[in-house]
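Letter by letter, the chains look like this.
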Amino acid sequence: MVIKGNIEGKGESFIRIEGDKIAEVGKDFSGNDFIDFQGYYIVPGFIDMHIHGLHRYLIDNGTDDLSEICRLLPRYGVTSFMPTVAPRREGEDAAFLHGLATGKYEGANILGFHLEGPFLKLTGSLPAEAISEAATERVERLIEAAKPYKAIFSISPDVENIESLIPIMAAGGVPVFITHTAADVRQTQRAIGLGARHATHFYDVFPCPPVTDPGVRPCGAVEAILADPRVTVDFILDGVHVDPVAVKMALACKPDGVCLITDANVGAGLEPGRFTFGNSGEIYFESKGSPARLVKDNSLAGSGLTMDKAFGNAIRMLEMDIAEASRLTSVNPAKVIGATDKGRLQTGFDADFVVLDNELNVVQTWIGGKCVYKTN
């Protein structure tokens, strides 16, 4: 099978697919048997590393909701993702995760389960169960429960004795994320040295250190992360969660180390309304695609962003071209997760790609060489 179109905005090219892989990418194709997407962009499938929900479905509700999310994500160009699980009470958490990991799903590929807690210092909008003492046995039970998938932990470097857990979490090259933290420079550098090499929803729930010496700007986790070339970061690029200038600064520090996520909550992709975010309570969206906010105090609780909109925002807010935006939504996330066969339109990679029109709307999404979504 041969697909022709404007690959990553670089001009008309073709992709030859054999089975579920890309067999060839080139400029000139002389045959007559091909699918023509002339005038459309073809980009690598989007990879969302941090997502809680979509439409009326929430991962924390269980396998049925996760199954629907897998099915729905391709309409937003997502071909692979990491379902994000909020913390539960010890004992309940491993059993729930095991249930998710043993489910049968169709649609977007699951690349691992992202556990946002329980080893966090600051709750943000997460339930109180997000706060937990460091416990080796609990980490081991969660890793076992996630099999055959990876368990990707988000941790705070300022949790007491977290240094005893990070090497276990990072065993085998599994990424460990930093988030929800008021850690100082030393605590952050220690966590990085032990294997925590990515920061998720960077800047959000990374509070500024207090000024203790007037006139001297303090440094904390944000500065330690930006200064270390080993650490990658991701942002919720909706224009509210973070100022685009902060993303540009991260790109200046880490040209190949910036990713985009949605941190989407239940209700994302729908018209504005009220929805229930598990044990955290009721949330609302002021407009379609706007941030989710807790009804009880109006604080941020994830987003209404979808990856196709994040991709478009990279082009508009960061003044990127199609290929540059693809690095943030596909190439770099694949590297962070260790998905060596995804994220690029190159020979030998999985045939996961998205067809976009000139307004960057999703026209078709292909996973493993098969069209799994197309507009009517």
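Residues numbered from 1 in each chain as written. Predicted model: local features only at pLDDT ≥ 70, side-chain atom pairs only at ≥ 80, totals over all residues. Heavy atoms only, no water.

A. Quick look at the overall build of the protein chain. Each helix and strand in the protein chain was counted, giving 9 helices and 21 strands. In terms of C-alpha radius of gyration, the protein chain reaches 20 Å, essentially the compact-globule figure of 21 Å for 376 residues. With the principal axes as the frame, the protein chain shows a C-alpha extent of 65 × 50 × 40 Å. With the model as given, the accessible surface of the protein chain reaches about 15600 Å², and the carbon-plus-sulfur share is 48%. With 35 positive and 49 negative side-chain charges, the protein chain shows a spacing of 2 Å between the two charge centroids. (Helix = DSSP H or I, 4+ residues; strand = E, 2+ residues; numbered from the N terminus. Rg over C-alpha atoms; globule rule 2.2 N^0.38 Å. Areas by Shrake-Rupley, 256 points an atom, 1.4 Å probe, with all protein chains shown as cover. Lys, Arg positive; Asp, Glu negative; His and termini not counted. Charge placed at Lys NZ, Arg CZ, Asp CG, Glu CD.)

B. Structural detail: the pattern of salt bridges. On inspection of all chains with the given rule, the structure shows 16 salt bridges. Salt-bridge contacts for Arg-16 lead to Glu-18; the nearest nitrogen and oxygen are separated by 2.4 Å. By relative accessible area, Glu-18 is classed as partly exposed at 49%. Counted as one network, the salt bridges with shared partners bring together Lys-21, Asp-341, Lys-342, Asp-350 and Asp-352. (Salt bridge = Lys/Arg side-chain N within 4 Å of Asp/Glu carboxyl O. Buried < 20%, exposed > 50% of the residue type's maximum accessible area, 1.4 Å probe, protein only.)

C. Looking closely at the packing of helix H2 (residues 92-101) against helix H3 (residues 136-146). Contact geometry of H2 with H3 gives a least axis separation of 7 Å together with a crossing angle of 20°. Regarding the angle of H2 to H3, the classification is roughly parallel. Relative to H3, H2 is oriented so that their crossing is right-handed. In contact with Asp-93, Ala-94, Leu-97, His-98 and Ala-101 of H2, H3 contributes Arg-138, Arg-141, Leu-142, Ala-145 and Ala-146. Grouping the amino acids of the contact of H2 with H3 by side-chain chemistry returns 6 nonpolar, 1 polar and 3 charged. (Axes fitted to C-alpha atoms, helices over the stretch in contact; angles between N-to-C directions. Parallel < 35°, antiparallel > 145°, perpendicular 65-115°, else oblique. Left-handed = near helix turned anticlockwise from the far one by under 90°. Contact = heavy atoms within 4.5 Å. Nonpolar A, V, L, I, M, F, W, Y, C, P; charged D, E, K, R; others polar.)

D. The sheet that holds strand S2 (residues 12-18), seen in detail. Read from one edge to the other, the open sheet built from 7 strands follows the order S3-S2-S1-S4-S19-S20-S21, with strand pairing classed as mixed. Among the strands making up the open sheet, the edge pair consists of strand S3 (21-26) and strand S21 (370-374). The mean angle between the axes of side-by-side strands here comes to 40°, regardless of whether they run parallel or antiparallel. In terms of strand pairing, strand S19 (residues 353-356) meets strand S20 (residues 362-367) through 4 bridges, oriented antiparallel. (Pairing = 2+ DSSP bridges.)

E. Region of the structure containing the pairing of S2. In this structure, strand S1 (residues 2-7) lies alongside S2, joined through 5 bridges in antiparallel fashion. Across the sheet, Gly-5 pairs through a bridge with Ser-13, a residue of S2. What sits between the antiparallel neighbours S1 and S2 is a turn of 4 residues, in which Glu-8 has the positive phi angle 55°. Sheet analysis places S2 next to S3, joined by 5 bridges and oriented antiparallel. Note on S3: the bridge partner recorded for Ile-17 is Ile-22. Between S2 and the antiparallel strand that follows it, S3, lie 2 residues; Gly-19 among them carries a positive phi value of about 65°.

F. Expanded view of the environment of Lys-296. Along the polypeptide, Lys-296 turns up in the loop between strand S18 (292-294) and helix H8 (307-317). Along the chain, Lys-296 and Glu-282 lie 14 residues apart, while their C-alpha atoms are 7.6 Å from each other.

G. Inspection of the sheet that holds strand S16 (residues 274-277) at higher detail. The sheet built from 3 strands is open, its strands ordered S16-S17-S18 with antiparallel pairing. Since the sheet does not close on itself, it has two edges, and those belong to S16 and S18, each with one partner. Strand after strand, the sheet turns through a mean of 40° between neighbouring axes, direction not considered.

H. Spatial organisation of the environment of Ile-152. Tracing the chain through its elements places Ile-152 in strand S11 (residues 151-155). The class of Ile-152 is buried, set by a relative accessible area of 0%. Along the sequence, Ile-152 and Phe-177 sit 25 residues apart, while their C-alpha atoms lie 7.4 Å from each other. The contacts of Ile-152, once residues within four sequence positions are left out, are Met-82, Gly-112, Phe-113, His-114, Leu-115, Val-174, Pro-175 and Phe-177.

In short, shape yes, function no, at least from these values alone.
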